[in-house]
Amino acid sequence: MLGPFVVADYKAGSTLLLKRNPNYWKSDAQGRKLPYLDSIRLDIQPNRDVEMLRFKRNEIDLINSLDSEYFDKLASTSPQLVHDAGASLDSEQMWFNEVARAPIPAYKKTWFRSANFRRAISQAINRADLSRVVFRGHAQPAIGPISPANKFWFDEKLKPQAYSPDIALKALQADGFRLENGALKDEDGNEVVFSIITNSGNKYRERMAAMIQEDLQKIGIHVNVVTLDFPSLIERMTQTFDYEAILLGLTNTGLDPNEQMNVWLSSSENHQWNPQEKTPETAWEAEIDRLMRAQASSSDPRKRKQAFDRVQEIAVEQAPFLFLVNRNALSAVSANVQGASPVILVPQTYWNVERLSVK
């Protein structure tokens, strides 16, 4: 056991008790053995209201990840207890179904498989409003697959997506779409209507979907918002492929691009817009496959970054994902805790757990 703590007890769905590892090898600058704490109890608490109530009662000392609404409520009374570390590594994103065997009309598959269509939809979404309204300013418009917070791996050549419904509409019209009585139609006269599904109970994604619905209505596209329980959504996404567009998030627990191999390789189950391709169905997916394998097999950081920068550029050019926002890393730390220094990486509040102490 090399870590500062060892598992002492676990109650499924309730608590995880960690106790000090007497054999931990680190000491502080004064020669004192680490960790400082004798034990830590991690509570599994799905109810955010209860979590906040217990924090205010000093029954819990750390909240690792706060929703923006709870952050602002606590900040209004106890600003010294909340921490906004800025944009996190996590993203909220939307994608269209490009699976050939998906049970959706052929003409919709044609739209969804068009990079021009996907880019136009992306340009018609007001990311600044999503950040400001949905996340109360505790989010940043996303630029691409990697958050700018991931300073080494983020491709600085990429620029934020400009919001311009007028330019989006012109791009669609150049592809044969036309506005008739306020409704956008393709060159065969099919009205551009599609559904976005997201997980029910996630008020932030439900609000984002509603705002995207309003944005796209400005260019004549009618969007239906459908909320599903998470198991049903996953079944449609991974088994039946019975969906048109999905709005979900991607949680990144590490900085290295190898952590995203299961998303970008075309053969992967998590290649969400078109999973488990036997061979890459497009030239740009084949190029991403090559680049991801090249960066994974190289020991030269410069060459790895060069390859992964190009992956990011292709992802923005082809827009298989419409990256929407990077949520901020929000946390709360009790005044009783000393040594806490919240960061963007998970776990935000106790990454340096061996140096935390309690008054």
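What you see as residue numbers is a count from 1 along each chain, following the sequence as written. Side-chain atom pairs in this predicted model are given and counted only at pLDDT of 80 or more, local residue features only at pLDDT of at least 70, and totals for whole chains, interfaces and linings cover all residues. The basis for every side-chain value is the complete set of non-hydrogen atoms in the structure, without hydrogens or water.

Let's shift gears to the packing of helix α5 (residues 127–134) against helix α7 (residues 203–217). The geometry of α5 relative to α7 is characterised by a closest axis approach of 10 Å and an angle of 140 degrees between their N-to-C directions. One way to sum up the angle between α5 and α7 is to call them oblique. Relative to α7, α5 is oriented so that their crossing is right-handed. Residue-level contacts link Asp129, Leu130, Val133 and Val134 of α5 to Tyr204, Arg207, Met208 and Met211 of α7. Gly is placed with the polar residues, together with every amino acid not listed as nonpolar (Ala, Val, Leu, Ile, Met, Phe, Trp, Tyr, Cys and Pro) or charged (Asp, Glu, Lys and Arg). Looking at the contact of α5 with α7 residue by residue, the classes come out as 6 nonpolar, no polar and 2 charged. An axis is simply a line fitted to the C-alpha atoms; with a helix, the fit covers only the stretch in contact. Between two such axes, the angle follows the N-to-C directions and lies from 0 to 180 degrees. Secondary structure elements follow DSSP: runs of H or I of four or more residues count as helices, runs of E of two or more count as strands, with numbering from the N terminus. Oblique is the label for any angle not under 35 degrees, not over 145, and not in the 65 to 115 range, which are roughly parallel, roughly antiparallel and roughly perpendicular in turn. Less than a right angle of anticlockwise turn of the near helix away from the far helix marks a crossing as left-handed, whereas a clockwise turn marks it as right-handed. Whether two residues are in contact is decided by their heavy atoms, any of which lying within 4.5 Å being enough.

Further remarks concern the pattern of salt bridges. Think of a salt bridge as a Lys or Arg side-chain nitrogen and an Asp or Glu carboxyl oxygen that are within 4 Å of each other. Evaluation of the coordinates by the stated rule reveals 29 salt bridges. The residue glutamate 59 makes a salt bridge to arginine 54 at a minimum N-O spacing of 3.1 Å. Of the charged contacts in the structure, one is a salt bridge between glutamate 244 and lysine 108, with a shortest N-O distance of 2.8 Å. Remark: lysine 108 occurs in helix α3 (residues 106–112) and glutamate 244 occurs in the loop between α8 (230–240) and β12 (245–250); sequence separation between them is 136 residues. In this structure, glutamate 244 and lysine 108 share a single accessibility class: buried. One connected set of salt bridges, linked through shared partners, spans Asp155, Lys157, Lys305, Asp309, Arg310, Glu313 and Glu317. Each residue is placed in one exposure class: buried if its accessible area under a 1.4 Å probe, protein chains only, is under 20% of its type's maximum, exposed if it is over 50%, and partly exposed if it falls in between.

This part is about helix α4 (residues 115–123). Taking burial as the measure, the 9 residues of α4 include 7 buried ones, the bulk of the element. All of the buried residues in α4 are Ala115, Phe117, Arg118, Ala120, Ile121, Ser122 and Gln123.

This next bit is on the packing of aromatic side chains. When two rings of Phe, Tyr or Trp (its six-membered ring) have centres within 6.5 Å they constitute a pair, described as stacked for plane angles under 30 degrees, edge-to-face for angles over 60, and tilted for the intermediate range. This structure, assessed with the given rule, holds 19 aromatic pairs. Summarising the aromatic geometry, the rings of phenylalanine 96 and phenylalanine 112 are spaced 4.8 Å apart at their centres and angled 15 degrees between planes, so their arrangement reads as stacked. Note that phenylalanine 96 is positioned in strand β6 (residues 91–96) and phenylalanine 112 in helix α3, a separation of 16 residues in sequence. Residue phenylalanine 96 is classed as buried on the basis of its relative accessible area of 1%. Put simply, the rings of Phe96, Tyr107, Trp111, Phe112, Phe117, Phe177 and Phe194 touch in pairs and so form one group of aromatic residues. Any Lys NZ or Arg CZ found within 6 Å of a ring centre and within 35 degrees of that ring's normal is scored as a charge over the ring. The cationic tip of lysine 73 hangs over the ring face of tyrosine 70; the distance from NZ or CZ to the ring centre is 5.8 Å.

We now examine unusual backbone geometry. Of note, the amide linkage connecting leucine 34 to proline 35 takes the cis form, showing an omega dihedral of 0 degrees. Here proline 35 shows up in the loop between β2 (15–20) and β3 (39–43). In the segment running from valine 346 into proline 347, the intervening peptide bond is cis, with an omega of 0 degrees. Along the chain, proline 347 turns up in the loop between β14 (337–338) and β15 (357–358). At phenylalanine 241, a position not held by glycine, the phi torsion is positive, near 55 degrees. Structurally, the position occupied by phenylalanine 241 is in the loop between α8 and β12.

Now for the pairing of strand β10 (residues 193–199). Within β10, 6 of the 7 residues are buried, which leaves the element mostly enclosed by the surrounding structure. If DSSP finds at least two bridges between two strands, the strands pair. Across 7 bridges, the pairing between β10 and strand β11 (residues 222–228) is parallel. Residue phenylalanine 194 lies in a different strand from β11, and its bridge partner there is valine 223. A crossover counts as right-handed when, viewed with the strands pointing away from the observer, the path leading from the first strand over the helix to the second turns clockwise. Traced from β10 through α7 to β11, the parallel crossover comes out right-handed. Both β10 and β12 contribute to a ladder of 2 bridges, which runs parallel. Across the sheet, isoleucine 196 pairs through a bridge with alanine 245, a residue of β12.

With that settled, consider the environment of isoleucine 196. Mapping isoleucine 196 onto the fold places it in strand β10. Of the residues examined, isoleucine 196 reaches a relative accessible area of 0% and is grouped as buried. Between the C-alpha atom of isoleucine 196 and that of methionine 94, which follows or precedes it by 102 residues, the distance is 8.5 Å. In this structure, isoleucine 196 is in contact with Met94, Ile212, Val223, Asn224, Val225, Val226, Ala245, Ile246 and Leu247, ignoring residues within four places of it in sequence.

This brings us to the sheet that holds β2. Reading across the sheet, the 3 strands line up as β1-β2-β3 and stay open at both edges, with antiparallel pairing between neighbours. The open sheet has two edge strands with one neighbour each: β1 (5–11) and β3. Between one strand axis and the next, the sheet turns by 20 degrees as a mean value, whatever way the strands run. The pairing of β1 with β2 spans 6 bridges and is antiparallel. Across the sheet, tyrosine 10 pairs through a bridge with leucine 16, a residue of β2.

With that out of the way, let us pick up a nonpolar patch on the surface. On the surface, Val7, Tyr10 and Ile44 cluster together into a nonpolar patch covering about 320 Å² of accessible area. Assignment of secondary structure puts valine 7 in strand β1. Note on valine 7: relative accessible area 59%, which makes it exposed. Excluding any residue in a salt bridge, patches collect residues exceeding 30% relative accessible area, merging like charges within 9 Å and nonpolar Val, Leu, Ile, Met, Phe, Trp and Tyr side chains within 5 Å. Under the convention used here, a 1.4 Å probe and the Shrake-Rupley method define accessible areas, while residue burial counts only the protein chains that appear.

This is a description of form; function is not addressed.
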